[in-house]
Amino acid sequence: MDVTIYHNPDCGTSRNTLAMIQNAGIEPDVIEYLKTPPSREQLVKMIADAGLTVRQAIREKGTPYAELGLGNPDLTDDQLIDAMLKDPILINRPFVITPLGTRLARPSEVVLEILPETHRGAFTKEDGERVLDSEGKRIV
């Protein structure tokens, strides 16, 4: 299965998402988006395909969001996209693209919605939260 993750290795949610993809037996194309940001076209498509608004795709925590005044409701989507492309840390993560859909995997287990059920047993997140049981089935 062709899977792409826009990844930040310093982010626990992103690391957990990548590990869940690998637990499904998939080695994804890993794009460290801070080093290799998506194009405008790719970013706009990911946001739309994930069913999000541009504002929902912006990361506020740990970014210059407030300093740049990006909370201003008068800013257009194009202006927000410009800011995200200029400073990719403003792009929320991780975005995951598979043939089954595109998701912003927040929380990380959202990625399970777009992966095949080929998990290799149990999965526990870095913080100790169990997500999949020993048979690879989601724990609810």
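Computed from a prediction, not measured in an experiment: that's the story for all the values here. (Residues numbered from 1 in each chain as written. Predicted model: local features only at pLDDT ≥ 70, side-chain atom pairs only at ≥ 80, totals over all residues. Heavy atoms only, no water.)

Across soluble globular proteins, you tend to see nonpolar side chains buried next to one another. In terms of nonpolar packing, the biggest core is built from 20 residues, with L43, I47, M84 and F95 touching the most fellow members. Going through the elements one at a time, α2 (40-49) and α3 (77-86) are the ones with two or more residues in this core. It is α3 that contributes the most residues to this core, four residues altogether. Those residues in contact with I47 that lie beyond four places of it in its chain are L52, T53, V54, A57, I81, M84 and F95. In this structure, I21, V96, L112 and L115 belong to the second largest nonpolar core, which totals 16 residues. (Core = buried A, V, L, I, M, F, W, Y, C linked by side-chain atoms within 4.5 Å. Buried < 20%, exposed > 50% of the residue type's maximum accessible area, 1.4 Å probe, protein only. Helix = DSSP H or I, 4+ residues; strand = E, 2+ residues; numbered from the N terminus. Contact = heavy atoms within 4.5 Å.)

With that out of the way, let us pick up the sheet that holds strand β4 (residues 101-104). Read across the sheet, four strands follow the order β2-β1-β3-β4 without closing on themselves; strand pairing throughout is mixed. On the outer flanks of this sheet lie β2 (29-32) and β4, each paired with one strand and no other. Each strand of the sheet is rotated relative to its neighbour by a mean of 15°, with strand direction disregarded. This element, helix α1 (residues 12-23), spans β1 (4-7), β2 and β3 (95-98) of the sheet and lies at about 160° to β1. (Pairing = 2+ DSSP bridges. Axes fitted to C-alpha atoms, helices over the stretch in contact; angles between N-to-C directions.)

Take α2 next. The complete set of buried residues in α2 reads L43, M46 and I47. End-on view of α2: buried residues confined to an arc of 95°, all on one side of the axis. Exposed side chains of α2 directed beyond 90 degrees from the buried face belong to E41, K45 and A48. In the core, the buried residues of α2 are packed alongside β1, α3, β3 and β4. After α2 finishes, the residue G51 shows a positive phi value of roughly 75°. (Arc of directions from axis to C-beta.)

Time to look at the packing of α2 against α3. One way to put it is that α2 packs onto α3 with a least axis distance of 11 Å and a crossing angle of 120°. As for the relative orientation of α2 and α3, their crossing is right-handed in sense. In contact with R40, L43, V44 and I47 of α2, α3 contributes D78, I81, D82, M84 and L85. Considering only residue class, the contact of α2 with α3 consists of six nonpolar, no polar and three charged. (Left-handed = near helix turned anticlockwise from the far one by under 90°. Nonpolar A, V, L, I, M, F, W, Y, C, P; charged D, E, K, R; others polar.)

Shape is all these values report; function is a separate question.
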